[in-house]
Amino acid sequence: MTAIGERRTELGRFLRSRRARLTPADVGLTAYGPRRVPGLRREELAQLAGVSVEYYVRLEQGRNPHVSDGVLDAVGRALRLDADERAYLRGLARPDRARPDAAPAAEAVRPALRRLVDAQPGPAYVCGHLTQVLAWNPLAAAVFGDFGDLPPERRTFAHLVFLDERYRALLGDSLPAKAEATVAFLRMGVGRYPDDPALASLIGTLAMKSEEFAALWARQDVRDKGPGRHTLRHPLVGVLTLDFEVLHTSEPGQVLVSYLPAPGTGAEEALGLVGSWGADGARSGPAGWGRTAPEPGRPGR
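A short tour of the structure in this document, coming up.

Calculation notes
- Residues numbered from 1 in each chain as written.
- Predicted model: local features only at pLDDT ≥ 70, side-chain atom pairs only at ≥ 80, totals over all residues.
- Heavy atoms only, no water.
- Helix = DSSP H or I, 4+ residues; strand = E, 2+ residues; numbered from the N terminus.
- Contact = heavy atoms within 4.5 Å.
- Areas by Shrake-Rupley, 256 points an atom, 1.4 Å probe, with all protein chains shown as cover.
- Buried < 20%, exposed > 50% of the residue type's maximum accessible area, 1.4 Å probe, protein only.
- Pairing = 2+ DSSP bridges.
- 1 Å grid on protein atoms, 1.4 Å probe; cavity = no way out; pocket = protein on both sides within 12 Å on 5 of 7 lines; lining within 4 Å.
- Points joined across faces, edges and corners; volume = space filled by probe spheres on them.
- Nonpolar A, V, L, I, M, F, W, Y, C, P; charged D, E, K, R; others polar.
- Axes fitted to C-alpha atoms, helices over the stretch in contact; angles between N-to-C directions.
- Parallel < 35°, antiparallel > 145°, perpendicular 65-115°, else oblique.
- Left-handed = near helix turned anticlockwise from the far one by under 90°.

### Examining the overall build of the chain
Helix and strand counts for the chain stand at 14 helices and 5 strands. Long-range pairs, those at least 24 residues apart, make up 59% of the contacts in the chain between residues at least 6 apart in sequence. For the chain, the exposed area adds up to about 14100 Å²; of that, 53% sits on carbon and sulfur atoms.

Spelled out as structure tokens, the structure:
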């Protein structure tokens, strides 16, 4: 299938999934007669968006490449899309606005951003649009395992979350939320870089190797990276609850994720112990990775 064909398919799937989650009662419409499909019918959605049924059908089938921003906004309001979902819709429906050629081929981390990662008091790393880990500090290696000991194709959270049992064990009860967030972030990337072959290859590999990923991908959820909390099960200190914040950098697709101990959980002392063990902690860490973070300036950080 061509890139254009794939965009059309994804656009249709996304719009149908968003229609399916709404009922006529949700949007103030009266339902008449038996309904063969869940959610809103196409004609009901067209009515809410103020467009003809024929026009909306062409949009859902990917046959309207010149759809206006006004129509997309109206459809987004009718479907009650949030900001991330609207951005995703625009990226698929208007790929010319999504700058499909802007997907970084080999993402480099600016020296100043590397220094900012090193200066964080807690674990910190820079993540790219494929969820690949591009830079990290020593405490991140001690908590999560040494990313530098992984081959580049496995140095992604997408791989770790769905295909690495030791990392999944580290996440503990946080695994379902992390899995959902990872899939939603990858789908957000599809809207930003609809023709990126590396992203398409990663998604295809995960869908073939992980039934869990395939099921989550079919839900069509879209969400950018945001703050949250992870309660980890670290092999050296036990339960470790960390809050994290996400900083979107000036580089396309790159985010800095910085962790701090969650107040009142004892995580500050536990994190201090992990940090004091340093190299030994990383060597016996959750993924069994065998190196600490490289020195500043070395490849792989």
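Moving on, there is more to tell.
### Description of the pairing of strand β1 (residues 124-127)
Burial of β1 is two-sided: the residues A124 and V126 facing one way and the residues Y125 and C127 facing the other way are all buried. Relative to strand β5 (residues 255-261), β1 runs antiparallel, the two being bridged by 4 bridges. Residue pairing in the sheet places A124 in a bridge with S258 of β5. Judged from the 3 bridges that link them, β1 and strand β2 (residues 133-136) form a sheet pairing that is antiparallel. Bridge pairing links V126 to A135 in β2. The antiparallel pairing of β1 with β2 creates a hairpin that spans 5 residues between the two strands, and T131 there sits at a positive phi of about 70 degrees.

### Points about empty space enclosed by the protein
Enumeration according to the criterion identifies 1 cavity of 30 Å³ or more in this entry. In terms of lining residues, the largest cavity is bounded by E180, V183, A184, L216, R219, D221 and R223. For the lining of the largest cavity, the element with the highest residue contribution is helix α10 (residues 175-192), accounting for 3 residues. Classifying every residue of the lining of the largest cavity gives 3 nonpolar, no polar and 4 charged.

### Considerations on the sheet that holds β1
With respect to topology, 5 strands assemble into an open sheet ordered β2-β1-β5-β4-β3, the strand pairing being antiparallel. Since the sheet does not close on itself, it has two edges, and those belong to β2 and β3 (228-234), each with one partner. If you compare each strand with its neighbour and ignore which way they point, the axes differ by 30 degrees on average. Sheet strands touched by helix α6 (residues 111-119): β1, β2, β4 (238-248) and β5. Its angle to β1, the strand with the most contacts, is close to 145 degrees. Across the sheet, helix α13 (residues 267-277) lies against β3, β4 and β5, angled at about 90 degrees from β4, the strand it touches most.

### Points about the packing of α10 against helix α12 (residues 211-218)
The relative placement of two packed helices comes down to the angle between their axes together with the axis-to-axis distance. One can describe the packing of α10 onto α12 by two numbers: an axis separation of 10 Å at closest approach and a directional angle of 55 degrees. Comparing their axes, α12 and α10 come out oblique. α10 and α12 meet at a crossing whose hand is right-handed. In contact with A179, E180, V183, L186, R187 and V190 of α10, α12 contributes E212, F213, L216 and W217. Considering only residue class, the contact of α10 with α12 consists of 7 nonpolar, no polar and 3 charged.

### Here's the deal with the layout of surface pockets
To locate leftover empty space, one rolls a probe as large as a water molecule over the atoms. For the second largest pocket, the calculated volume is near 400 Å³. For the second largest pocket, the lining is made up of 20 residues, of which E6, E10, V190, A200 and I203 are closest to its centre. The set of elements that each furnish at least two residues to the lining of the second largest pocket consists of α1 (3-20) and α11 (197-209). Its residues assigned to classes, the lining of the second largest pocket shows 12 nonpolar, 2 polar and 6 charged.

Function cannot be read off these values alone, since they describe shape.
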